[in-house]
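The lines below spell out each chain.
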Amino acid sequence: MAMATTTNSIASVVEPAGARPRRMFAPSTIILYSILTVAALYYLLPLYVMVVTSLKDMTEIRMGNIFAPPVQITFEPWVKAWSQACTGLDCSGISVGFWKSVKITIPSVIISVAIASVNGYGLSYWRFKGSEVFFTILLFGAFIPYQVMLYPLVIIMRELGIFSTIWAVVLVHTIFGMPINTLLFRNYFASLPPELFKAARVDGAGFWQVFFRIMLPMSLPIFVVSMIIQITGIWNDFLFGVIFAGNQNFPMTVQLNNIVNAVQGVKEYNVNMAATLLTGAVPLIVYFVSGRLFVRGIAAGAVKG
Amino acid sequence: MAHAGRPFGLLRNLNAKVAAIPMMLTVIVIFIGCTLWTVFYSFTSSRLLPTSDFVGFDQYSRLFGNSRWNQSLLNLATYGVCVLTFVFIIGFLLAVLIDQKIRFENTFRTIFLYPFALSFIVTGLVWQWILDPGLGLPKVLNDLGLPGGSLALLGDKNTVIYALVIAGLWQGTGLVMVLMLAGLRGIDSEIWKAARVDGIPAWRTYLFIIIPMMRGVFVTTLVIVASGIVRVYDLVVAMTQGGPGFASEVPAKYVYSFMFERANLGQGLAASTVMLVTVFIILVPWALAEFRQKRS
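Residues numbered from 1 in each chain as written. Chains lettered and ligands numbered in written order. Predicted model: local features only at pLDDT ≥ 70, side-chain atom pairs only at ≥ 80, totals over all residues. Heavy atoms only, no water.

(A) Quick look at the state of the cysteines. Residue and element names in this part refer to chain A. The tally for this structure, following the rule as stated, stands at 1 disulfide over all chains. Here C86 pairs with C91 through a disulfide, and the sulfurs are 1.8 Å apart. Because the torsion about its S-S bond is 105 degrees, the bridge between C86 and C91 counts as right-handed. (Disulfide = S-S within 2.5 Å.)

Have a look at this one:
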């Protein structure tokens, strides 16, 4: 169903000479691409506005309109957002939140992916009485609104002595990342040929040996997918950061919100937009670098939860 | 695949059971335990700290007597209906357009999906800026001589919820598009050939053949999007802080506010229990549908 437009006339030379579907006339092709382009512009507009605003100074912002490109490009808002913007009384910029987010994200991703991979492996090859029941409840748990579990979790964290520390946030992310990631790993391991497992068992390998020697080396793709889901999800979290991290450990999203929605002072839109871009940078880079895997991760992750 | 033969059930498969401890703890302590705890204490008069002083349905009757809560339910319903309707229509149409074997498919898909990688905080702040009545889009329209004043969505208590809808749609349609695209690609191309041989126009094929065949994808997407809508919180905090007044308040924010800011735990727990019930009402039909599918 290739299009016989002038743009790909070269490609049409090598095509089979069969009849083309009629609805691929040039006018409909033009309409198709026009709609897609208009839609694309709508989705790109906010990103454009962010970038443009972050490169203007305040007088230019007050004078011009938000869609106009900057007359004089300045990177000062970026510097200010990174190292001088104020969250409450503290004026050391969003970089503080950036490093807190890094400190939260790295252990959370490692621990949650490690647990989910072992879980998924166990649920595929080492089922025991009741394991499927636990798994079913785990999946249903993914749909319980976080608000229902927040307060008892606060009590648990307090009892564990880790409330208001990074470890409380890490633990919460590990818990709430478990359903979807366990599901991903379980489905992946279930799709591997069972002969691998049986052969290893015949050779006398146990639970952990099979996992580390056979399963791990084969499961790079699903590890990447799971890590993408966790990195973006944990980096973008706001609620858990606000509640469990404590004022000293607020992640970047919380800091960003505090900077932009601060009640006092003049609103510095250029600094705000630079800070917003900086906060969105990590998941955006993950998204652009991982490309198709991100899509696959979402489609896979969306199968059930 | 557990090997039979050893009589002691508890010790059999011991490594697997040890490895499953985090999952078991999560299920028992967090998903079951914490939920029961919340439901239990929603029937008490807990204020700053949980107490065992039972008051029956008092918290619930106070909840539904509170105009702020009722407003938040109404807002959630408005937001939910609008987002669900448009996210499905736009997401499906975009998926159909992208599925026409177009060039630059990856580019278009990337552009439609990238907002999904951004947090609701970032989304809310960007749209707050674009819809800023003094300097954003309304001003641009005013300068062009268009009726821009009426576009000051954020400041008007009757329209502020639609500002949230616009931002929510911008962030979420990409996900629906990806899911729908996966669904469209999963349909046997023979169906299309047969429809074409019979001379059925494309739009009718979509409406009467393809969409019914994608029922599973639609249901899954519905569950994902709907459970996201029930939890919506960050977007409101970043974009409107629930204002003006309580015109854009949502249940999740109400819960947070009563639990952690106003030291009225009983109210917060009752409100979150209502959220739980709402989700169950969404989930149960889905679970039944899944179950029926598996049996047939």
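(B) Main features of helix α10 (residues 202-213) of chain B. All names here are of chain B. Along α10, the positions that sit buried rather than exposed are T205, Y206 and I210. Seen from one end, α10 has its buried residues packed into an arc of 95 degrees, which puts them on one side. Against the buried residues of α10 lie α4 (67-98), α8 (160-185) and α9 (189-197). (Buried < 20%, exposed > 50% of the residue type's maximum accessible area, 1.4 Å probe, protein only. Helix = DSSP H or I, 4+ residues; strand = E, 2+ residues; numbered from the N terminus. Arc of directions from axis to C-beta. Contact = heavy atoms within 4.5 Å.)

(C) Inspection of the interface of chain A and chain B at higher detail. Counting residues at the interface gives 94 residues for chain A and 97 residues for chain B. Each partner contributes to the roughly 8600 Å² buried at the junction of chain A and chain B, and carbon and sulfur atoms together form 76% of this total. Contact with chain B buries surface across chain A, with Y43, F143 and Y151 of chain A losing the most and accounting together for 10% of the total. Our count for the chain A to chain B interface comes out at 0 salt bridges. Here the side of chain A that touches chain B gets 15 residues from one element, more than from any other, and that element is helix α2 (residues 26-54) of chain A. Broken down by class, the residue content of the side of chain A that touches chain B amounts to 70 nonpolar, 18 polar and 6 charged. (Buried area = accessible area lost by both parts, 1.4 Å probe. Salt bridge = Lys/Arg side-chain N within 4 Å of Asp/Glu carboxyl O. Nonpolar A, V, L, I, M, F, W, Y, C, P; charged D, E, K, R; others polar.)

(D) Spotlight on the packing of aromatic side chains. In this structure the tally under the stated criterion is 50 aromatic pairs over all chains. Centroid distance F185 of chain A to F223 of chain A: 5.0 Å. Interplanar angle 70 degrees. Geometry classified as edge-to-face. With F185 of chain A in helix α8 (residues 166-191) and F223 of chain A in helix α11 (residues 220-236), the pair connects residues that are 38 residues apart, well separated along the chain. As far as burial versus exposure is concerned, F185 of chain A and F223 of chain A are alike and both buried. Ring geometry for Y256 of chain B versus F260 of chain B: centroids 5.3 Å apart, planes at 40 degrees, classification tilted. With Y256 of chain B and F260 of chain B both in helix α13 (residues 251-261), this residue pair falls 4 residues apart, about one helical turn. On the basis of relative accessible area, F260 of chain B is assigned to the partly exposed category, the value being 28%. (Phe/Tyr/Trp six-rings, centres within 6.5 Å; stacked < 30°, edge-to-face > 60°.)

(E) Focus on a nonpolar patch on the surface. Nonpolar side chains collect at one region of the surface, where L14, V18, I21, L25, I28 and V29 of chain B lie side by side and expose about 500 Å² of accessible area between them. Elements that contribute at least two residues to the nonpolar patch include exactly α1 (14-19) and α2 (21-41) of chain B. (Patch = residues over 30% accessible without salt bridge, like charges linked within 9 Å, V, L, I, M, F, W, Y side chains within 5 Å. Areas by Shrake-Rupley, 256 points an atom, 1.4 Å probe, with all protein chains shown as cover.)

(F) The arrangement of the domain arrangement of chain A in detail. Residues and elements named next belong to chain A. Taken domain by domain, chain A comprises domain 1 (27-73) and domain 2 (94-303). On a C-alpha basis, the centres of domain 1 and domain 2 stand 33 Å from each other. At the interface, 10 residues of domain 1 touch 10 residues of domain 2. Viewed at the interface, domain 2 and domain 1 are joined by 1 residue pair in polar contact (both at pLDDT 80 or more). Elements represented by at least two residues in the side of domain 1 that touches domain 2 include exactly α2 and α3 (58-63). Per-element accounting of the side of domain 1 that touches domain 2 gives the leading share, 5 residues, to α2. For the side of domain 1 that touches domain 2, a count of residues per class yields 5 nonpolar, 2 polar and 3 charged. (Domains from an automatic or database assignment. Polar contact = N/O pair within 3.5 Å; in protein donor to acceptor, adjacent residues only side chain to side chain.)

(G) Up close: α8 of chain B. Taking 1.5 Å per residue, 26 residues should reach 38 Å; α8 of chain B reaches 38 Å between its end C-alpha atoms and fits that length. The buried count for α8 of chain B comes to 22 of 26 residues, which makes it a mostly enclosed element. (Expected span 1.5 Å × (residues − 1).)

(H) A look at the packing of α9 of chain B against α10 of chain B. All names here are of chain B. Two elements in contact, α9 and α10, have axes separated by 11 Å at closest approach and are oriented at 145 degrees. With respect to the hand of their crossing, α9 and α10 are arranged in right-handed fashion. Facing α9, whose interface residues are I191, W192 and A195, α10 presents A202, T205, Y206, I209, I210 and M213. Each residue belonging to the contact of α9 with α10 can be placed in one class, and the counts come to 8 nonpolar, 1 polar and no charged. (Axes fitted to C-alpha atoms, helices over the stretch in contact; angles between N-to-C directions. Left-handed = near helix turned anticlockwise from the far one by under 90°.)

(I) A look at the pattern of salt bridges. For the structure on display, the rule yields 9 salt bridges over all chains. Across the pair E268 of chain A and K80 of chain A runs a salt bridge whose closest N-O atoms are separated by 2.6 Å. Of the two residues, E268 of chain A is situated in the loop between α13 (252-260) and α14 (269-290) and K80 of chain A in helix α4 (residues 76-83); the sequence distance between them amounts to 188 residues. By relative accessible area, K80 of chain A is classed as partly exposed at 26%. Between K253 of chain B and E249 of chain B there is a salt bridge, with the nearest N and O atoms lying 3.1 Å from each other. Classification of K253 of chain B as buried rests on a relative accessible area of 14%. Judged by its relative accessible area of 0%, E249 of chain B is buried. Through salt bridges that share partners, R127, E132 and R186 of chain A make up one connected network.

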